[in-house]
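# Descriptive analysis of the structure
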Amino acid sequence: MCIAACGVVLTVDQGRIIGIRGDRDHPISKGYACFKGLQAVDAHHGASRQLHTLQRAADGAMQRVGTDAALDDIAARLAAIIARDGPDAVALFRGTAAFHNSTAFRMHGEFLRALGSSSLYTTLTIDQSAKYIAAGRLGSWHAGQVHVDDTEVLLVFGCNPLVSHSAGGMLVSDPTRRLKAARARGLKIIVVDPRQTETAHHADIFLQPLPGQDHVIAAGLLRLILESSRHDAAFCAQHVEGVEALRRAVDPFTPEEVAKRAGIDAGALRAAADMFALASRRGAVITGTGTSMAPRSNLAEHLIQCLDVVCGHFKRAGEPMPHHDPLQPPVTWHADVVAPTRPWDKLPPSRICGVGHLYGEKLTATLADEILTPGPGQIKALIVDGANIANSVPDKARMLAALRSLELLVVIDPHLSTTAEEAHYVFSPKLQYERDDLPLTLGKSLYPDAWTQFAPAAIAPPAGSDVIDDWQVFFALARRLGLKMQYGGQPLALDRLPSSEELLALGLEKATVTLEAIKQSPGAVWDRRDPPATVQPARPQAGRFAVAPPDVVAELAEVAAQSPPEPATDDMAKAAFHLIVRRMRDVNGSIGMETESIRQRNPYNPLHMNPADLVRLGLAAGQRVHIRAQYGEIVAIVKLDATLRGGVVSMSHNWGRADNEPASYERHGASTNLLVRNDRVFESINAMPRMSAIPVTTQAF
Ligand SMILES: Nc1nc2c(c(=O)[nH]1)N[C@H]1C(S)=C(S)[C@@H](COP(=O)(O)OP(=O)(O)OC[C@H]3O[C@@H](n4cnc5c(=O)[nH]c(N)nc54)[C@H](O)[C@@H]3O)O[C@H]1N2
Ligand SMILES: Nc1nc2c(c(=O)[nH]1)N[C@H]1C(S)=C(S)[C@@H](COP(=O)(O)OP(=O)(O)OC[C@H]3O[C@@H](n4cnc5c(=O)[nH]c(N)nc54)[C@H](O)[C@@H]3O)O[C@H]1N2
Ligand SMILES: [Mo]
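As the structure is a prediction and not an experimental result, all values here were calculated from the model.

Definitions and limits used
- Residues numbered from 1 in each chain as written.
- Chains lettered and ligands numbered in written order.
- Predicted model: local features only at pLDDT ≥ 70, side-chain atom pairs only at ≥ 80, totals over all residues.
- Heavy atoms only, no water.
- Domains from an automatic or database assignment.
- Contact = heavy atoms within 4.5 Å.
- Buried area = accessible area lost by both parts, 1.4 Å probe.
- Salt bridge = Lys/Arg side-chain N within 4 Å of Asp/Glu carboxyl O.
- Polar contact = N/O pair within 3.5 Å; in protein donor to acceptor, adjacent residues only side chain to side chain.
- Helix = DSSP H or I, 4+ residues; strand = E, 2+ residues; numbered from the N terminus.
- Nonpolar A, V, L, I, M, F, W, Y, C, P; charged D, E, K, R; others polar.
- Pairing = 2+ DSSP bridges.
- Axes fitted to C-alpha atoms, helices over the stretch in contact; angles between N-to-C directions.
- Expected span 1.5 Å × (residues − 1).
- Near = heavy atom within 4 Å.
- Areas by Shrake-Rupley, 256 points an atom, 1.4 Å probe, with all protein chains shown as cover.

## Comments concerning the domain arrangement of the chain
Annotation of the chain at the domain level lists domain 1 (51-126 + 358-524), domain 2 (130-323 + 544-558) and domain 3 (563-700). The C-alpha centroid of domain 3 is placed 27 Å from the C-alpha centroid of domain 2. Tallying the contact residues gives 30 residues for domain 2 and 22 residues for domain 3. Each partner contributes to the roughly 2,100 Å² buried at the junction of domain 2 and domain 3, and carbon and sulfur atoms together form 59% of this total. Together, Arg-195, Pro-211 and Met-293 form the three largest contributors to the area buried by domain 2 at its contact with domain 3, with a combined 29%. Scanning the region where domain 2 abuts domain 3 turns up one salt bridge. Between domain 2 and domain 3 we count 12 residue pairs in polar contact (both at pLDDT 80 or more) in total. Counting residues per element, the ones that place at least two in the side of domain 2 that touches domain 3 are helix H5 (130-138), helix H6 (161-164), helix H11 (255-262), helix H13 (289-293) and helix H14 (297-310). Residue composition of the side of domain 2 that touches domain 3, grouped by class: 12 nonpolar, 10 polar and eight charged.

Right, dumping it as structure tokens:
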């Protein structure tokens, strides 16, 4: 249910899961599993699960319908839309739950290709898409970063892997034990976060800035490192373009200037630069949603990645590589730069904002407007798999209006989510232990050591239910539409329903192992090379990092020219805060919210506030407050959180229902995406809205 993919052992009795525990023999998670993953009994057998195919009746109520009848009608409507408006009018949204489902994941692309539609949207473009922009502008190191087990210093910006299990390739499963072990062998940690997070508790240096200042802090760190020549000059000479231009661009960001803007101590900034650059030649930066969701996220991500670049913090020739991901084609890794490609420079702009598409996906922040704006390319039908976009996409009011205006909305979801409630049809999918699956793989391994494991269906779906595999919806529509489908590079016959296992096997066309071989081993499978593969020398045609491209330099100059806002003093300003993002330990987005045992511990999403702020405003924990932003307003219950910087409040996302009535807050929570507008504050290129560091006021209800 989350990227960590911890190994578990199920106890099954008469077709029901009756127990679940961490798998002690699993090479990565070693018995570790967290609370949310251990709620499989309730998730699979609980009362909140939707077991039938549903259709919205004329009066708006959801009623049961036969799965085949639903598919017949959907196919007929899709055919009419395509004939009238072209295939791009049919869009698909892939959400978190579908990222954790290999057959669905693969089928999405094949289905859209067969339709001829380029309208693929996923959560990636409202997540850490700044990382794609940074790689496209700066370039990337072919052999990758130094892993947490080998590095001497970690610099963490806006990421809390001890709760999120989500520092890809670094700290995923069992993060606390792994971090403690690394600390015991001497790892130094620097954390930059407005909240003293679980991760920050292990930090040697903790900077607690105002949110939305990561670009300023990174510029300041770069200045300190370059000014004192503590960068890796030899590495830069060989692999980096624009160091002098970068030096000039960060010059205005003196420690005192950064301290003033970001609200941190200049001495602590100096100490962080010393620790990151001087004390170590082996280090790594980690960023997360905190940096990617605040304004100027693309600039921040670029400058933070530049810290690794100027210090030459990468795997060098001759160093061992981690195990190869057996699901990926074999790769020889080199100690050189994959040149920046800036693919968006060659693309037409989106008709809404930002670019037309990014690495094969359209931008999710533009989805509502692509549905609402008439003209060529307007989306008329949308299939949503494993996402709750009514809650998760910024600017909820506009997203809801868009969903309601669609000619056809089809949702695949085990719950009547806020999104499913708006749908014309809802299909009920098999859950994780009812389907055959392989762990997620996105090109590069998400795990510090690559592994894979066949997870066979452990139980059958509930008797009498209509539950189907997600991929079957697309397969069945393709058959009805008479499409020519491919799967795993081969034509896929549509006259015979394949098994999921067949599809998994077909999907491994680039893997170094067959599904049969993976199945031979009941546990996790490694592609062990003995001796392990090592990083090969740079290739003659290798690229160079571009640390100071003109658009980055121009944006930095714009920032330098803006004077930081004066601290406000009036009464209203006392109630003024920055609202920042945070993950809740017990749910993954909204996955788990409907599960009874999880709900009991987390009935709603509280607003976290620092005790001193509460006293200052005369508020108390447990009290209801209005949260007002420039573009919207919600209600929440206050929870004490002494780890927050004063003046900063935080609240988790993807809660709330369509009506967002204050009266139902204790049952459904409130939606922070009502406070975000996607047509006002967004980044260039990727149209990333301002989802963190949102100015708000809070007042007693
Ligand atoms: N339990 C649980 N795990 C999850 C998820 C979940 O919902 N629950 N969601 C999954 C998903 S989809 C994702 S993308 C990952 C995300 O994983 P992370 O990025 O690690 O997410 P968070 O734990 O919210 O950490 C973000 C941090 O950024 C800080 N922050 C906020 N604004 C700023 C800022 O402007 N600057 C800086 N420097 N910091 C800031 C917050 O205080 C917070 O500590 O987690 C995944 N894992
Ligand atoms: N304001 C704000 N908005 C955010 C964020 C934020 O930090 N702040 N974070 C963003 C990020 S990083 C992400 S990744 C997105 C997440 O956005 P989404 O992926 O849209 O959100 P989830 O809430 O994870 O919704 C997952 C849905 O999948 C359903 N589901 C659960 N299990 C299964 C299954 O086995 N199969 C299928 N088919 N469905 C299943 C659940 O019932 C739920 O409705 O939200 C983004 N939105
Ligand atoms: Mo995410």
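## Let's talk about the sheet that holds strand E6 (residues 120-122)
A sheet is described by the order of its strands in space; here seven strands give the open sequence E4-E3-E16-E15-E14-E5-E6, paired in mixed fashion. Of all the strands in the sheet, the pair left with one neighbour each is strand E4 (62-64) and E6. Across this sheet, the average inter-strand angle for adjacent strands is 20°, counted without regard to direction. As judged from the five bridges shared by strand E14 (residues 381-385) and strand E15 (residues 408-412), these two strands associate in the parallel manner. Counterpart to Ala-381 in the pairing with E15 is Leu-408. Packed onto the sheet, helix H4 (residues 102-115) meets strand E5 (90-94), E6 and E14 and runs at close to 165° relative to E5.

## Remarks on H4
Compared with the 20 Å implied by 1.5 Å per residue over 14 residues, the 20 Å span of H4 between its first and last C-alpha is a close match. Note on H4: the residue one or two positions beyond its end, Gly-116, has a positive phi of about 85°.

## Thoughts on the side chain of Asp-613
When you line up the elements, Asp-613 lands in helix H24 (residues 611-617). In this view, Asp-613 contacts Phe-577, Arg-645, Gly-646, Gly-647 and Val-648; residues no more than four positions away in its chain are not counted.

## A few points about the site of ligand 1
In the vicinity of ligand 1 lie 31 residues, with Ser-164, Asp-193, Asp-214, Thr-289 and Val-587 positioned nearest. Contact distances for ligand 1 include 3.3 Å between an oxygen atom and a backbone N or O atom of Gly-158. Between ligand 1 and the protein, one listed contact pairs a nitrogen atom with a backbone N or O atom of Val-192 at 3.1 Å. Relative to its unbound accessible area of 920 Å², ligand 1 is 95% covered by the protein chains. Taken together, the residues of the shell around ligand 1 break down into 10 nonpolar, 13 polar and eight charged. Both domains that furnish three or more residues to the shell around ligand 1 are identified here as domain 2 (130-323 + 544-558) and domain 3 (563-700).

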